[in-house]
Amino acid sequence: MSTSSASAGLGLRHRLPKPSSLGPVIALLLACIFFSFQSDRFLSIENFSLVLQQVMVVGTIAIGQTMVILTAGIDLSCGMVMALGGIVMTKLATAGGMNPYLAIACGIAACMVFGLLNGLLVTRVRLPAFIVTLGTMNIAFAITQLYSNAQTVTDLPSAMTWFGSTVSVGDVEINYGTVLMLGLYTFMWWGLRDTRPGRHVYAVGNNPEATRLTGIATDKVLLGVYVVAGLFYGIAALLSVARTGVGDPNAGQTENLDAITAVVLGGTSLFGGRGVIVGTLLGALIVGVFRNGLTLMGVSSVYQVLITGALVILAVATDELSRKKG
């Protein structure tokens, strides 16, 4: 083989995606093929639109969770913080009579405050992220129940439910919240891949000590990651309110585990420094497709949770084997 041919072959191999990165795509395709044989309604455009609507909240939370996991951390509080943000914005707009747009901003800000608290405890007090977020998860839950008196908030202004409405594209109804979620993924794909702060996030997760020695303020990076994650939890709170039409104090009970599952299924390593945000979107879709397909098959929700748990264990085991081989 000539030198030019070998160089061309080497260049082609570098342009091709790694086999490990194709795992989420293959898993999603296999799931779609399986459920298409189980239900005639599964492959309909309306059903796929429904799946996207069902995953838009968890998918948005998973963006923030991806950033945290890329730094070798984890955030167990994301679901409860989202619920708190939803209650804050809906209570301020209804019982408080606040301008709905300002109330939305306050709800998102409340989520970012929890992100700041998580980040400060991790970076300043040097507590493990698992313990910190386990504690703030319970704190957020308690505040949500106390502030709402454990009552659902109804009669919301239209500004808070707009993202739950749909627009017709041909014969398909697309949810505005879905469009926002996809836009956020596009922005974060660019941000993590092509900007200096994004590369710093990967560097901190890969080797924090070596990153610190190069002059990067690792604590500032970590603090920023948790605050930005809180921002995404606040946006998810708005999407949850828009989708359900109420402020639900009992929301977020399983969203933390669903978000972590989406991140891990998408190929992001729990050991940090490795993963892509597009994989997280695929992971969220895998979870959504499984639950939607199993529902169409008439499978009990208990078994849906069981299968989701088995999927995340399989994904983590695959990640561990890949890391050891590397």
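Everything below is about the structure printed above this text.
Below is a short write-up of the structure. Note that the structure is predicted; figures quoted are calculated from it, not measured.

### Digging into the overall build of the chain
So, point 1. For the chain, the helix and strand inventory stands at 14 helices and 2 strands.
So, point 2. Relative to a compact globule of 326 residues, whose C-alpha radius of gyration would be 20 Å, the chain shows 21 Å and is just as compact.
So, point 3. Across its three principal directions, the C-alpha atoms of the chain cover 75 × 55 × 35 Å.
So, point 4. The buried share of the chain, reckoned over its 326 residues, is 47%.
So, point 5. Taking all contacts inside the chain whose residues are at least 6 apart in sequence as the whole, residues at least 24 apart take part in 77%.
So, point 6. As presented, the chain carries roughly 16,000 Å² of accessible surface, and 67% of it is formed by carbon and sulfur atoms.
So, point 7. Distance between charge centres in the chain, computed from 18 positive and 14 negative side chains, equals 15 Å.

### Overview of unusual backbone geometry
Glycine aside, negative phi is the norm for most residues, and most peptide bonds take the trans geometry.
So, point 1. The residue Asn-149 is not glycine, and still its phi comes out positive at about 55°.
So, point 2. Considering the arrangement of structural elements, one finds Asn-149 in the loop between helix 6 (129-148) and helix 7 (158-161).
So, point 3. Look at Asn-149 and you get exposed, because its relative accessible area is 55%.
So, point 4. With a phi close to 55°, Asp-155 is a non-glycine residue in the positive phi region.
So, point 5. As for its placement among the helices and strands, Asp-155 is situated in the loop between helix 6 and helix 7.
So, point 6. Overall, Asp-155 belongs to the exposed group, its relative accessible area being 72%.

### Some points on the nonpolar core
So, point 1. Ranked by internal contacts, the top residues of the largest apolar core, which has 87 residues, are Ile-61, Tyr-233 and Val-289.
So, point 2. In this structure, Ile-61 is in contact with Cys-78, Met-82, Tyr-233, Ala-236, Glu-255 and Ala-259, ignoring residues within four places of it in sequence.

### Let's talk about the packing of aromatic side chains
So, point 1. Going through the model one piece at a time under the given rule, you end up with 7 aromatic pairs.
So, point 2. Taking 5.0 Å as the distance between ring centres and 75° as the angle between the ring planes, the aromatic pair formed by Trp-162 and Phe-163 counts as edge-to-face.
So, point 3. Classification of Trp-162 by relative accessible area gives partly exposed; the value is 45%.
So, point 4. Ring centres of Phe-187 and Trp-190 lie 5.8 Å apart, and the angle between their planes is 45°; on these two criteria the pair is classed as tilted. Here Phe-187 pairs with Trp-190, and both are found in helix 8 (residues 176-194), just 3 residues apart, close to one helical turn.
So, point 5. Given the relative accessible area of 42%, Trp-190 is considered partly exposed.

### Here we look at the packing of helix 8 against helix 9 (residues 196-206)
So, point 1. In the contact formed by helix 8 and helix 9, the axes pass within 5 Å of each other and the chain directions differ by 70°. Judged by the angle between their axes, helix 8 and helix 9 are roughly perpendicular. Taking contact as the criterion, the partners of Gly-191, Leu-192, Arg-193 and Asp-194 in helix 8 are, on helix 9, Arg-196, Gly-198, Arg-199, Val-201 and Tyr-202.

### Digging into the pairing of strand 1 (residues 166-169)
So, point 1. Pairing of strand 1 with strand 2 (residues 172-175), which is carried by 4 bridges, proceeds in the antiparallel orientation. Opposite Val-169, over in strand 2, you have Val-172 as the bridge partner.
So, point 2. Between strand 1 and strand 2, which pair antiparallel in sequence order, lie 2 residues; one of them, Gly-170, sits at a positive phi of approximately 70°.

### Looking at helix 2 (residues 23-38)
So, point 1. Look at helix 2: 23 Å from first C-alpha to last across 16 residues, which is about the 22 Å you get at 1.5 Å a residue.
So, point 2. Among the residues of helix 2, those classed as buried are Pro-24, Leu-28, Ala-31, Cys-32 and Phe-35. Buried residues of helix 2, viewed axially, fall in a sector of 100°; they line one side. Structural note: helix 2 exposes Leu-29, Leu-30 and Phe-37 on the side pointing more than 90 degrees away from its buried face.
So, point 3. Among the structural elements, helix 3 (45-70), helix 12 (255-265) and helix 13 (277-296) are those in contact with the buried residues of helix 2.

### Here's the deal with the pattern of salt bridges
So, point 1. Tallying each qualifying case throughout the model produces 4 salt bridges.
So, point 2. Ionic pairing is found between Asp-194 and Arg-193, a salt bridge with its closest N-O pair at 2.9 Å.
So, point 3. Judged by relative accessible area, which is 36%, Asp-194 ranks as partly exposed.
So, point 4. Among the ionic pairs, Glu-209 bridges to Arg-212, the shortest N-O distance being 2.5 Å. Placement of the pair is Glu-209 and Arg-212 together in helix 10 (residues 208-213), with a separation of 3 residues, close to one helical turn.

### Let's talk about the packing of helix 9 against helix 11 (residues 218-244)
So, point 1. Running from amino to carboxyl end, helix 9 crosses helix 11 at an angle of 110°, the nearest separation of the two axes being 10 Å. Here helix 9 is positioned roughly perpendicular relative to helix 11, judged by the angle of their axes. Contact with helix 9, carried on its side by His-200, Val-201 and Val-204, involves Thr-218, Val-221, Leu-222 and Val-225 of helix 11 and no other residues of that element.
So, point 2. Across the contact of helix 9 with helix 11, the residue classes tally to 5 nonpolar, 2 polar and no charged.

### Section: the state of the cysteines
So, point 1. By the definition in use, this model includes 0 disulfides.
So, point 2. Left unpaired, Cys-78 is separated from the closest cysteine sulfur, that of Cys-111, by 11 Å.

Reading the values: the criteria
- Residues numbered from 1 in each chain as written.
- Predicted model: local features only at pLDDT ≥ 70, side-chain atom pairs only at ≥ 80, totals over all residues.
- Heavy atoms only, no water.
- Helix = DSSP H or I, 4+ residues; strand = E, 2+ residues; numbered from the N terminus.
- Rg over C-alpha atoms; globule rule 2.2 N^0.38 Å.
- Buried < 20%, exposed > 50% of the residue type's maximum accessible area, 1.4 Å probe, protein only.
- Contact = heavy atoms within 4.5 Å.
- Areas by Shrake-Rupley, 256 points an atom, 1.4 Å probe, with all protein chains shown as cover.
- Lys, Arg positive; Asp, Glu negative; His and termini not counted.
- Charge placed at Lys NZ, Arg CZ, Asp CG, Glu CD.
- Core = buried A, V, L, I, M, F, W, Y, C linked by side-chain atoms within 4.5 Å.
- Phe/Tyr/Trp six-rings, centres within 6.5 Å; stacked < 30°, edge-to-face > 60°.
- Axes fitted to C-alpha atoms, helices over the stretch in contact; angles between N-to-C directions.
- Parallel < 35°, antiparallel > 145°, perpendicular 65-115°, else oblique.
- Pairing = 2+ DSSP bridges.
- Expected span 1.5 Å × (residues − 1).
- Arc of directions from axis to C-beta.
- Salt bridge = Lys/Arg side-chain N within 4 Å of Asp/Glu carboxyl O.
- Nonpolar A, V, L, I, M, F, W, Y, C, P; charged D, E, K, R; others polar.
- Disulfide = S-S within 2.5 Å.

By themselves these figures say nothing about function.
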